[in-house]
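Secondary and tertiary structure notes
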Number of protein chains: 2
Amino acid sequence: MRVTRKRPTIHDVAAAAGISRGTVSRVLNGDRYVSTAARAAIERAIAETGYVVNRNARSLVTQRTGSVALVLSEPQEKLFEDPNFSVLLRTATQRLAQRDVSLVLMIAGDGGDRDRVMRYLRGGHADGVLLVSTHAGDPLLDALEVAGVPAVACGEVLGRRSPIPYAAADDREGARQMTRYLAGRGRRRIATITGPLDTPGGLRRLEGFVDVLGRRATKKLIAHGDYTRRGGEVAMAELLERTPGIDAVFVGSDLMAAGALAALRAAGRRVPEDVAVGGFDDSAVAVSTHPPLTTMRQPLERVAEETVRLLLDLIDGAGHVDPVVLPTELVVRESA
Amino acid sequence: MRVTRKRPTIHDVAAAAGISRGTVSRVLNGDRYVSTAARAAIERAIAETGYVVNRNARSLVTQRTGSVALVLSEPQEKLFEDPNFSVLLRTATQRLAQRDVSLVLMIAGDGGDRDRVMRYLRGGHADGVLLVSTHAGDPLLDALEVAGVPAVACGEVLGRRSPIPYAAADDREGARQMTRYLAGRGRRRIATITGPLDTPGGLRRLEGFVDVLGRRATKKLIAHGDYTRRGGEVAMAELLERTPGIDAVFVGSDLMAAGALAALRAAGRRVPEDVAVGGFDDSAVAVSTHPPLTTMRQPLERVAEETVRLLLDLIDGAGHVDPVVLPTELVVRESA
DNA sequence: CACATGTCTGTGAACGTTCACAGAGTGAGA
DNA sequence: TCTCACTCTGTGAACGTTCACAGACATGTG
């Protein structure tokens, strides 16, 4: 009835089975060349003793840890506000767990955080890194490269000389689809509210928008937000003041679209009668706004799955992996 | 320019500093009894070699891992939909990082997951466990107890014989405050929509509600939801049908309140003129509904901080810690 | 029968730390 | 001067694995 009774080791199992620890190690690691008798005896002994392998000892010799780090390098508040992130986190955790690798969560916000993360990674405490919303200039990326730690980003990392492998939704094509949809509904003066242009979602969705309408036509119809609700509200107000005649707006995220809706209501415009509003993400807020948002669904789970797959491939020795870009889907509700 | 150059060990540092590894270990672990000369030499050598301690080797001898597991035992979708959870996760990660312990995220959804989690924990791969939304009957809890792994819950774990230490918001008193507020605004027929009664938030908030209004008065004014938006909508509709005359409703979560708002709108009731709506959580949805929700703010960051503190105390050898209950705060917006 | 090949097993030596111990040097107090 | 306490240092032995090696035995092949 002691609180901490000593954990059985591989030696205990070997003794209980009457077999050497070498053979025990072999069945643990699924080696061929183990007699069925030995295997049975060992499996019984494992069950009896309640043995579970000590990963530290194993890591010490194999130089593999069986864990990967998920590193958030956004100032945290912004990111955790993002509903997409939860999906990503959940899916990644599950996918990794299936392969028996565990996920350690790290936040690299300010300088001190960064150092800690780097120390951790350079210490070889993770076999690989899942990068979330990392900016191109982030010194973490270079350090990672130097340290030779496999890394994959969830979402494109813009403007890097030596590109980081990634999986992402097809933001550009998604934006095109939405813009075409709005145009197809007869809207003639279509504006857009972008996310920050140093993020892939901000940049690529704007590109898609311009692809469809042309650079000239959109000159005065672009406003910038910061992925927050409030930012969307401000940008919408600005747009209405600058160009009162707009009859549609493609907003670069659902959360900003919720803000835009508020600004439109405040300005006395009806949605979708006066102004049609299209969002992006198909996150939970899309159905909680009034009216519910027409938006682009991102295959977030698949993005997470693919990100994990790429990372595991890299860890397993693939020298190079190609980025994965997944299609988005238009979800029509009431706002457009 | 090789991809993986060998990581320096404590021996390399010792050699570079011209001092034995024992002394290097001592400065690493902040031992007194190290001459300033030696310390300086070693610190220089550490910087030069880029040495970082191998935690596995350390864990192997110390039997401490420097990490704790955060275990989610809710069917995951529900939980990740919960905006509170993000706050918790972020705060816990940061707080732990400050103490240089890392957080590994585990999802114990179905049976297979559970086994994996238990194996991990019994393997001694985490120094402690942070439990999130764990139910009383969960076999994980017994297993944890048997294995002697320190565990602290974020939020009360209901109905357990040997209670799990926890930190939580004062749900019951918060519910009382909200109910009193609604009554104080002249509302006479106040209903409630609860969360599941096997969760502390569901049960305690209902208790607080009944505390204020009395068991008799509330008999027909209670409906149950499941913490989802949809659940809130259904419960509200049910309530309206059962007792059309209600003029206020206290909803056990903001998300359900958003659903209730939709049901009220569908039934043609104005909020707050006809029916006042009070939520709970003060999560992000509270400001994105129309009208914005009057709600109870939970000090979630403090809850997370305290949970972490309790766990670290336990890990550091505190034999027993007392639960921590933190006050909530009324946030008045437009819905009531 | 000799020999190669394939299967199975045990053993010693790592992996990179910490910890306990022993010993050396220094200064103070008797 | 001797002793004691304190400070500082080095060394050997763990911690629990995996891995390479060597050897035993069986089976098949020429």
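Throughout what follows, the structure given in this document is the object of discussion. (Residues numbered from 1 in each chain as written. Chains lettered and ligands numbered in written order. Predicted model: local features only at pLDDT ≥ 70, side-chain atom pairs only at ≥ 80, totals over all residues.)

A look at the relation of the copies chain B and chain A
Mapping chain B onto chain A calls for a rotation angle of 180° and an axial translation of 0.0 Å; the resulting RMSD is 0.1 Å. On the angle and the small slide along the axis, the relation comes out as a two-fold axis. Most of the interface of chain B is mirrored in chain A, where 100% of its interface residues are also at the interface. (Least-squares fit on C-alpha atoms with pLDDT ≥ 70 in both. Contact = placed C-beta atoms within 7 Å.)

Regarding unusual backbone geometry
Residue Pro-272 of chain B follows Val-271 of chain B across a cis peptide bond; omega there is 5°. Relative to the assigned elements, Pro-272 of chain B resides in the loop between helix H12 (254–266) and strand S9 (276–278). The step from His-290 of chain B to Pro-291 of chain B runs through a cis peptide bond, and the omega angle for that step is -5°. Within the element layout of this structure, Pro-291 of chain B appears in the loop between helix H13 (285–288) and strand S10 (295–297). The phi dihedral of Asp-282 of chain A is positive, around 55°, even though this residue is not glycine. Along the chain, the position of Asp-282 of chain A falls in the loop between strand S9 (276–278) and helix H13 (285–288). One non-glycine residue, Tyr-227 of chain B, adopts positive backbone phi at about 75°. Mapped onto the secondary structure, Tyr-227 of chain B falls in the loop between strand S7 (222–224) and helix H11 (229–242). (Helix = DSSP H or I, 4+ residues; strand = E, 2+ residues; numbered from the N terminus.)

As for the interface of chain B and chain A
Listed by partner, the interface residues are 43 residues for chain B and 43 residues for chain A. Elements that contribute at least two residues to the side of chain B that touches chain A include exactly helix H4 (55–62), helix H5 (76–80), helix H6 (83–98), strand S2 (102–107), helix H7 (111–122) and H13 of chain B. In the side of chain B that touches chain A, the residues fall into 17 nonpolar, 17 polar and nine charged. (Nonpolar A, V, L, I, M, F, W, Y, C, P; charged D, E, K, R; others polar.)

Focus on the pairing of strand S4 (residues 151–154) of chain A
All names here are of chain A. The alternating pattern of S4 places Ala-151 and Ala-153 on one face and Val-152 and Cys-154 on the opposite face, and all of these are buried. The sheet contact formed by strand S3 (residues 128–132) and S4 spans four bridges and is parallel. Bridge pairing in S4 links Leu-131 to Ala-153. With helix H8 (residues 139–147) bridging S3 and the parallel S4, this β-α-β connection has right-handed handedness. Bridge count for S4 against strand S5 (residues 166–169) is two bridges, and the pairing is parallel. The residue bridging Cys-154 from the neighbouring strand is Ala-167, located in S5. (Buried ≥ 20, exposed ≤ 12 C-beta atoms within 10 Å, placed from the backbone. Pairing = 2+ DSSP bridges. Right-handed = clockwise from strand over helix to strand, strands pointing away.)

Points about the protein's contact with DNA strand C
Neighbouring residues of DNA strand C: 25 residues in total, closest Ser-20, Gly-22 and Ala-38 of chain A together with Ile-10 and Ser-25 of chain B. Elements supplying a minimum of two residues to the surface near DNA strand C: helix H2 (21–28) and helix H4 (55–62) of chain A together with helix H2 (21–28) and H4 of chain B. With five residues, H4 of chain B is the single largest residue contributor to the surface near DNA strand C. Of the residues belonging to the surface near DNA strand C, the class tally is 12 nonpolar, 10 polar and three charged. (Near = placed C-beta within 6 Å.)

Concerning the protein's contact with DNA strand D
Residues in contact with DNA strand D amount to 25 residues; listed here are only the nearest, Ile-10 and Ser-25 of chain A together with Ser-20, Gly-22 and Ala-38 of chain B. Elements with a minimum of two residues in the surface near DNA strand D: H2 and H4 of chain A together with H2 and H4 of chain B. With five residues, H4 of chain A is the single largest residue contributor to the surface near DNA strand D.

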